[in-house]
Number of protein chains: 2
Amino acid sequence: MPNYSERGGSFPPGPNNARHAFLDETDRLIVRMLQADARTPNNAIAAAAGIAPSTCHGRIRSLQERGVIRGFHADVDPAAVGRGLQALIAIRLHAHARANLTEFENYLAGLPDVESIFFVTGDRDFLIHVAVADSAALRDLVAANLSLRPEVAGTNTTVIFEYVRPTERSPSA
Amino acid sequence: MPNYSERGGSFPPGPNNARHAFLDETDRLIVRMLQADARTPNNAIAAAAGIAPSTCHGRIRSLQERGVIRGFHADVDPAAVGRGLQALIAIRLHAHARANLTEFENYLAGLPDVESIFFVTGDRDFLIHVAVADSAALRDLVAANLSLRPEVAGTNTTVIFEYVRPTERSPSA
DNA sequence: AGTGAAAGAACCAATGG
DNA sequence: CCATTGGTTCTTTCACT
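Below, the structure is looked at part by part. In this text, all values refer to a predicted model and were calculated from it rather than measured experimentally.

Cut-offs and rules
Residues numbered from 1 in each chain as written. Chains lettered and ligands numbered in written order. Predicted model: local features only at pLDDT ≥ 70, side-chain atom pairs only at ≥ 80, totals over all residues. Heavy atoms only, no water. Pairing = 2+ DSSP bridges. Helix = DSSP H or I, 4+ residues; strand = E, 2+ residues; numbered from the N terminus. Axes fitted to C-alpha atoms, helices over the stretch in contact; angles between N-to-C directions. Contact = heavy atoms within 4.5 Å. Near = heavy atom within 4 Å. Polar contact = N/O pair within 3.5 Å; in protein donor to acceptor, adjacent residues only side chain to side chain. Buried area = accessible area lost by both parts, 1.4 Å probe. Salt bridge = Lys/Arg side-chain N within 4 Å of Asp/Glu carboxyl O. Nonpolar A, V, L, I, M, F, W, Y, C, P; charged D, E, K, R; others polar. Least-squares fit on C-alpha atoms with pLDDT ≥ 70 in both.

## Some details on the sheet that holds strand β3 (residues 114-120) of chain A
Part 1: The strand order around the closed barrel built from eight strands is β2(A)-β4(A)-β3(A)-β5(B)-β2(B)-β4(B)-β3(B)-β5(A), with neighbouring strands paired in antiparallel fashion. Sheet twist, expressed as the average angle between the axes of neighbouring strands with direction ignored, equals 35°.
Part 2: Where β3(A) and strand β4 (residues 126-132) of chain A come together, five bridges link them in antiparallel fashion. Within β4(A), the residue paired with Ser116(A) across the bridge is His129(A).
Part 3: Across the sheet, helix α5 (residues 135-147) of chain A lies against β2 (85-93), β4 and β5 (152-164) of chain A, angled at about 20° from β2(A), the strand it touches most.

As structure tokens, then:
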């Protein structure tokens, strides 16, 4: 399946090779508006920035090419899709397993309930944010998919009462 | 500034009152595709789902009205906009300050460097994910904006080496 | 880089199965 | 609840400044 964010063009599919982006004030405004609402019409952004729609379009494309904008995603309420329980799970690995962290990280990324993965300093190696159906699903996730893994030395689960992403709830940034 | 995700219509601007989220297989496919790439054309989603474009469009609108899809946002690389250092900060509040958590949470949400806020169980009250320019900015954030707050009993900062959101890097889900 | 104009695509409401 | 149609708006490319 093609990626339609890139439908018009042929810019690098990879994460990015970007030389460090120099964003002027116009670029920053565009980024802010698209962060607040990815469906803001190009027209409207152009008007807000005081430039022509075609110019604005070109800048947005450039921002994607440079990796400043990595993609556009729908923000889906986990509870609405049957995942009403969220948790943070701290994971400590065995010392010998730290050689190939990438492999374990890919494994985590492949688990369907994982929302995000933090690879961190300190006494824990990973912290993952998960959204599951209920406490039974959480137990199963920890017991079957984490604790049983040979590289996992231990886990520590914290239930999330509320989760907020400020940028995602202020459409008029 | 208007919210252009709602340009055509008049559905509730609030978070949502919707209880009824019965998603059939078609709805789930739509949600998955828009989660992977919010700019997937309506036509393409309709084709993938085997329904007419107008029907598909109506379903997407309905999903927004019901609060299943909360919005569409550009995924911006923090490092590309001058915020190359990410951290997790655990915050413990004084017992007497737990009366109005919402106020403190709104305060956190208003800090420009805060990416997300977790209100959690356990010995910590909040865990916030921040993206800042450098370690000096991180120090200032913790010292000036958190530790000095009267309701804050203590903080614990963990630097993030890597942060991944699995759904956001698989455009062809 | 920025612009204007024109072709193509997507959106949205109304209508009918 | 779903499909078809048609008017309107947005996107995207291109020749030019």
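## Section: the protein's contact with DNA strand D
Part 1: Taken together, 12 residues lie around DNA strand D, and Asn42(A), His57(A), Ala52(B), Ser54(B) and Arg59(B) are the ones closest in.
Part 2: When atoms of DNA strand D within 4 Å of the protein are split into backbone and base, the sugar-phosphate part holds 71%.
Part 3: Contact between DNA strand D and Ala52(B): a phosphate oxygen at 2.8 Å from a main-chain N or O atom of the residue.
Part 4: With respect to DNA strand D, the side chain of Ser54(B) contributes an N or O atom lying 3.0 Å from a base oxygen.
Part 5: Breaking the surface near DNA strand D down by element, the ones donating at least two residues are α2 (42-49) and α3 (53-65) of chain A together with α3 (53-65) of chain B.
Part 6: Among the elements that make up the surface near DNA strand D, the one with the highest residue count is α3(B) (three residues).

## A word on the interface of chain A and chain B
Part 1: Facing the 61 residues of chain A at the interface are 61 residues of chain B.
Part 2: Summed over both sides, the interface of chain A with chain B buries roughly 6000 Å², with 56% coming from carbon and sulfur.
Part 3: Summed over the shared surface of chain A and chain B, the number is four salt bridges.
Part 4: Salt-bridge contacts for Asp77(B) lead to Arg70(A); the nearest nitrogen and oxygen are separated by 3.5 Å.
Part 5: A per-element tally of the side of chain A that touches chain B places strand β1 (residues 69-76) of chain A first, with eight residues.
Part 6: Partitioned by chemical class, the residues of the side of chain A that touches chain B number 34 nonpolar, 15 polar and 12 charged.
Part 7: Examined bridge by bridge, β3(A) and strand β5 (residues 152-164) of chain B share four bridges and lie antiparallel to one another. Note on β5(B): the bridge partner recorded for Phe119(A) is Glu162(B).

## Topic: the relation of the copies chain A and chain B
Part 1: Once chain A is rotated about the relating axis by 180° and shifted along it by 0.0 Å, it coincides with chain B to within an RMSD of 0.1 Å. Read as a symmetry element, the transformation amounts to a two-fold axis. Judged by C-alpha distance, His73(A) is the residue of chain A that lies nearest the rotation axis, at 2.8 Å.

## Here's the deal with the protein's contact with DNA strand C
Part 1: Around DNA strand C lies a shell of 13 residues, among which Ser54(A), Arg59(A), Asn42(B), Asn43(B) and His57(B) are the nearest.
Part 2: Within the backbone of Ala52(A), one N or O atom sits 2.9 Å away from a phosphate oxygen of DNA strand C.
Part 3: Arg59(A) is positioned such that a nitrogen or oxygen atom in its side chain is 2.7 Å from a phosphate oxygen of DNA strand C.
Part 4: Only α3 of chain A together with α2 (42-49) and α3 of chain B provide two or more residues apiece to the surface near DNA strand C.
Part 5: Among the residues making up the surface near DNA strand C, the classes are represented as three nonpolar, seven polar and three charged.

Note that all results are geometric; they support no functional claim without further evidence.
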